[in-house]
Amino acid sequence: MAALLKKPLKLALVQLASGADKVANLAHARTKVLEAATAGASLIVLPECFNSPYGTQYFPKYAETLLPSPPTKEQSPSYHALSAIAAEAKAYLVGGSIPELETSTNKYYNTSLVFSPTGALIGTHRKTHLFDIDIPGKITFKESEVLSPGNQLTIIDLPEYGKIGLAICYDIRFPESAMIAARKGAFMLVYPGAFNMTTGPLHWQLLGRARAVDNQAYVALCSPARDMSATYHAWGHSVIVDPSANVLAETDEKEDIVYAELNDETIQNARKGIPIYAQRRFDLYPDVSASKN
């Protein structure tokens, strides 16, 4: 089996809390990303909505215009900050997500930007499944009140390492996108996400481990830190899972950086030991990756 991860990779998930001041949020993200890079990480992930508070009431105020690309610094200070941080860190940077306004349609999106170690934009993902839930007595939250869903699945090539599948938070509950990325050669599935105090203890780690064991690929879930003074309380517990669903690293609810060393041998051993890739019965059910680019 050809190598999916071309050489060992040190991954870092930066779990941080973001307040009302976007400039301060971007500066804080820079400090923590550079800390991770100094520790040797060559792929660094930020949380969902890292440049703003999380909540439908905040999306319009904090939204930035990304198209046409590249935007000006006035249109998207976060785009330019992420590009500069990636270049300074000399690392691949998954910029969590930011609220995006597409001016031609006046639609808002929850969007992740990925930059190379030279600061070049190499990938964009708009959250495809909107977080609309109503758990009686627990939580009601409807992203669709403000946001529109993206319409593309996202696989990004990191030339020295291989491919990653990128999705955001609620996207993890829909296994088809993970299957498509994995079957198209992704060595890891990355999810910036902000599960809450109800869904977090229920399913956060479970879903990460499930997507890992389904696809025999690494999975990374990067959450904001918990801020009980904010209107939305994130679960935290950023976690890295290996292809056999073992938890390699996990933190608690506070600000922290989670690290793990990834290698191709771990992927290959999982797939040789339990060879699901050779045993699927596409005569009985469809291959969801067959018709996707």
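Note that this is a predicted model, so its numbers are computed, not measured.

Re the pairing of strand S1 (residues 9-15)
Phase 1 of the analysis: Judged by how many residues are buried, S1 sits mostly within the fold: seven of seven residues are covered.
Phase 2 of the analysis: Across three bridges, the pairing between S1 and strand S2 (residues 43-45) is parallel. For Leu11, the partnering residue across the bridge sits in S2 and is Leu43.
Phase 3 of the analysis: Remark: the S1/helix H1 (residues 22-38)/S2 crossover connection has right-handed handedness.

A short note on helix H6 (residues 264-273)
Phase 1 of the analysis: Within H6, burial applies to Asp264, Ile267, Gln268, Ala270 and Arg271. In an axial view of H6, the angular spread of the buried residues amounts to 160°, which keeps them on one side of the axis. Residues of H6 that are exposed and point over 90 degrees away from its buried face: Glu265, Lys272 and Gly273.
Phase 2 of the analysis: Each element contacted by the buried residues of H6 is listed here: strand S11 (186-192), helix H5 (199-215) and strand S12 (218-222).
Phase 3 of the analysis: Two to three positions downstream of the cap, the backbone nitrogen of Glu265 sits 3.2 Å from a side-chain oxygen, assigning the N-cap of H6 to Asn263.

Comments concerning H5
Phase 1 of the analysis: Between its terminal C-alpha atoms H5 stretches 23 Å, which fits the 24 Å expected from 17 residues at 1.5 Å a residue.
Phase 2 of the analysis: The largest bend in H5 is about 25°, located at Leu207.
Phase 3 of the analysis: Taken together, the buried positions of H5 are occupied by Thr199, Gly200, Trp204, Leu207, Gly208, Arg211, Ala212 and Asn215.
Phase 4 of the analysis: Residues of H5 that are buried in the fold lie against strand S7 (132-135), helix H4 (175-183), S11, S12, strand S13 (239-241) and H6.

Re the packing of H4 against H5
Phase 1 of the analysis: Relative to each other, H4 and H5 sit at 40°, their axes nearing to 10 Å. As judged from the angle between their axes, H4 and H5 are oblique. When you trace H4 past H5, the crossing you get is right-handed. Two secondary-structure elements touch here, H4 through Pro175, Ala178, Met179 and Ala182 and H5 through Arg211, Asp214 and Asn215.
Phase 2 of the analysis: Partitioned by chemical class, the residues of the contact of H4 with H5 number four nonpolar, one polar and two charged.

Observations concerning the UniProt feature "domain: CN hydrolase" (unreviewed entry) in the chain
Phase 1 of the analysis: Taking the numbering used here, the UniProt-annotated feature "domain: CN hydrolase" (unreviewed entry) corresponds to residues 9-264.
Phase 2 of the analysis: End-to-end, the C-alpha atoms of residues 9-264 are 9 Å apart, and along that stretch the chain is 24% helix and 30% strand.

Focus: the packing of H1 against helix H3 (residues 77-89)
Phase 1 of the analysis: Running from N to C, H1 and H3 cross one another at 20°; their axes reach a closest spacing of 10 Å. In this view, H1 runs roughly parallel relative to H3, as classed from their interaxial angle. The two elements H1 and H3 cross, and the hand of that crossing is right-handed. Across from Lys22, Leu26, Arg30, Val33, Leu34 and Ala37 in H1, the residues of H3 making contact are Pro77, Ser78, Ala81, Ile85, Glu88 and Ala89.
Phase 2 of the analysis: A per-class count over the contact of H1 with H3 returns eight nonpolar, one polar and three charged.

Let's talk about the sheet that holds strand S10 (residues 162-166)
Phase 1 of the analysis: Strand order in this open sheet of six strands is S9-S10-S11-S12-S13-S14, and the pairing throughout is mixed. Strands with a single pairing partner mark the edges of an open sheet, and in this sheet they are strand S9 (154-158) and strand S14 (247-250). Direction aside, neighbouring strands of the sheet carry axes that sit 20° apart on average.
Phase 2 of the analysis: Running over the sheet, H5 touches S11, S12, S13 and S14 and is turned about 160° from S12.

Reading the values: rules and limits
Within each chain, residues carry numbers counting from 1 in the order of the written sequence. It should be noted that, the model being predicted, local features are given only for residues of pLDDT at least 70 and side-chain atom pairs only at 80 or more, the latter also being counted only at that level, while totals for whole chains, interfaces and linings use all residues. Hydrogen atoms and water are omitted, and side-chain values are computed over all heavy atoms in the structure. Burial here depends on accessible area, computed with a 1.4 Å probe over protein chains only, as a share of the maximum for the residue type. Under 20% is buried, over 50% is exposed, and the range in between is partly exposed. Numbering of helices and strands runs from the N terminus; a helix is a DSSP stretch of H or I covering at least four residues, while a strand is a stretch of E covering at least two. At least two bridges found by DSSP between two strands are what make those strands a pair. Think of it like this: strands point away, you trace from the first strand over the helix to the second, and a clockwise trace means the crossover is right-handed. What the arc describes is the spread of directions from the helix axis to the C-beta atoms. Here, residues are in contact when the closest pair of their heavy atoms is within 4.5 Å. A 3.5 Å cut-off defines polar contacts: any pair of N or O atoms within that distance qualifies, except that in protein one atom must be a possible hydrogen donor and the other a possible acceptor, and neighbouring residues in sequence count only when both atoms are side-chain atoms. Expected span, for any helix, means 1.5 Å times one less than how many residues it has. To get the bend at any residue, fit one axis to the seven residues that end at it and another to the seven that begin at it, then take the angle between the two axes. Angles here are taken between N-to-C directions and fall from 0 to 180 degrees, while the axes themselves are lines fitted to C-alpha atoms, restricted in helices to the stretch in contact. Angles below 35 degrees are treated as roughly parallel, those above 145 as roughly antiparallel, those between 65 and 115 as roughly perpendicular, and all remaining angles as oblique. Two helices cross in a left-handed way if the nearer one is turned anticlockwise from the farther one by less than a right angle. They cross in a right-handed way if the turn is clockwise. All residues other than Ala, Val, Leu, Ile, Met, Phe, Trp, Tyr, Cys, Pro, Asp, Glu, Lys and Arg, Gly among them, are scored as polar; the first ten of these are nonpolar and the last four charged. UniProt positions are given in the numbering used here, feature names are shortened, and annotations may be inferred rather than shown by experiment.

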